[in-house]
Each structure stands twice: as structure tokens, then as C-alpha cells.
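# Structure at a glance
If you want the building blocks of each chain, they are given just below.
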Amino acid sequence: MPEESYTHFDPQALLHDLFDNKAVVASVLGAFADWHDGAQADLQAAASAGDALALARVTHTVRGTLAQLHAGNAVEIAQRIELRCKQAGSVYRPTEADVAPAKT
């Protein structure tokens, strides 16, 4: 992988996790790219519906996937959204603004 500054994920850590196999890394990142749009749509749908439980479930899945990619900043955003949904219980009604940070 090129020696560049990455802000969204740690490619060296991912490469290490995948036994320095660049072909596997490319495959994993390709699968993530395919998965990303659906996950983003699920986040948006749950937030638009004001469904805190659904948003907590989706962000939990997103957080786990991002953690596997060593996307630390995005993991923290997903975790904050998930915890907000779980801690607030049924009183909390998320909005699209809650998932806006996840669009970056």
C-alpha cells in the first residue's frame, strides 16, 4: 500500500490483520464499498423514522464492520450514536442530524 496519510482508516493495520496479503485487502475494501451504500441507507431510514432501537442495531453493525477496517474515527461516531440510542430508551427520537456525522 502506498505510504500516504490516511484519516479514515489504518491501511497498515488492516494489511497486517490480513497477513500482508494485498489482494485480500483489496477484496475486503471492495466488499466494504458494496456494503457501504446499503448501510448508509439503513442508517438514514432508521433516523428518518425516529426509531432509536433500529438505529442502535444498525450503528452496532456499522461499528463492528468499521472496527474490522481499523476506521477508528468512524467507530467512535457510530459508538456515540449507538449509545445515545440505547441510553435514552424509548423517549429518544433520532433525526437525520444524528447520522449526519456518519456520512463523511
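Anything mentioned here points back to the structure above.
Residues numbered from 1 in each chain as written. Predicted model: local features only at pLDDT ≥ 70, side-chain atom pairs only at ≥ 80, totals over all residues. Heavy atoms only, no water.

### Remarks on helix H3 (residues 52–68)
- Over its 17 residues, H3 extends 24 Å from the first C-alpha to the last, a length consistent with the 24 Å expected when each residue adds 1.5 Å.
- Turning to H3, its buried residues number three or more, namely Ala52, Ala54, Leu55, Ala56, Val58, Thr59, Val62 and Leu66.
- The backbone nitrogen of Leu53 has a side-chain oxygen 3.3 Å away, supplied by the residue at the start of H3, namely Asp51.
- Immediately beyond the C-terminal end of H3, within one or two residues, lies His70, with a positive phi of roughly 60 degrees. (Helix = DSSP H or I, 4+ residues; strand = E, 2+ residues; numbered from the N terminus. Expected span 1.5 Å × (residues − 1). Buried < 20%, exposed > 50% of the residue type's maximum accessible area, 1.4 Å probe, protein only. Polar contact = N/O pair within 3.5 Å; in protein donor to acceptor, adjacent residues only side chain to side chain.)

### Side note on the packing of aromatic side chains
- For the structure shown, the criterion picks out one aromatic pair.
- Here Phe32 and Trp35 contribute two aromatic rings whose centre-to-centre distance is 5.5 Å and whose plane-to-plane angle is 40 degrees, an arrangement assigned as tilted. Highlighted residues: Phe32 and Trp35, both in helix H2 (residues 22–49), separated by three residues, approximately one helical turn.
- Overall, the relative accessible area of 21% leaves Phe32 in the partly exposed class.
- Classification of Trp35 as partly exposed rests on a relative accessible area of 30%. (Phe/Tyr/Trp six-rings, centres within 6.5 Å; stacked < 30°, edge-to-face > 60°.)

These figures capture arrangement, not role.
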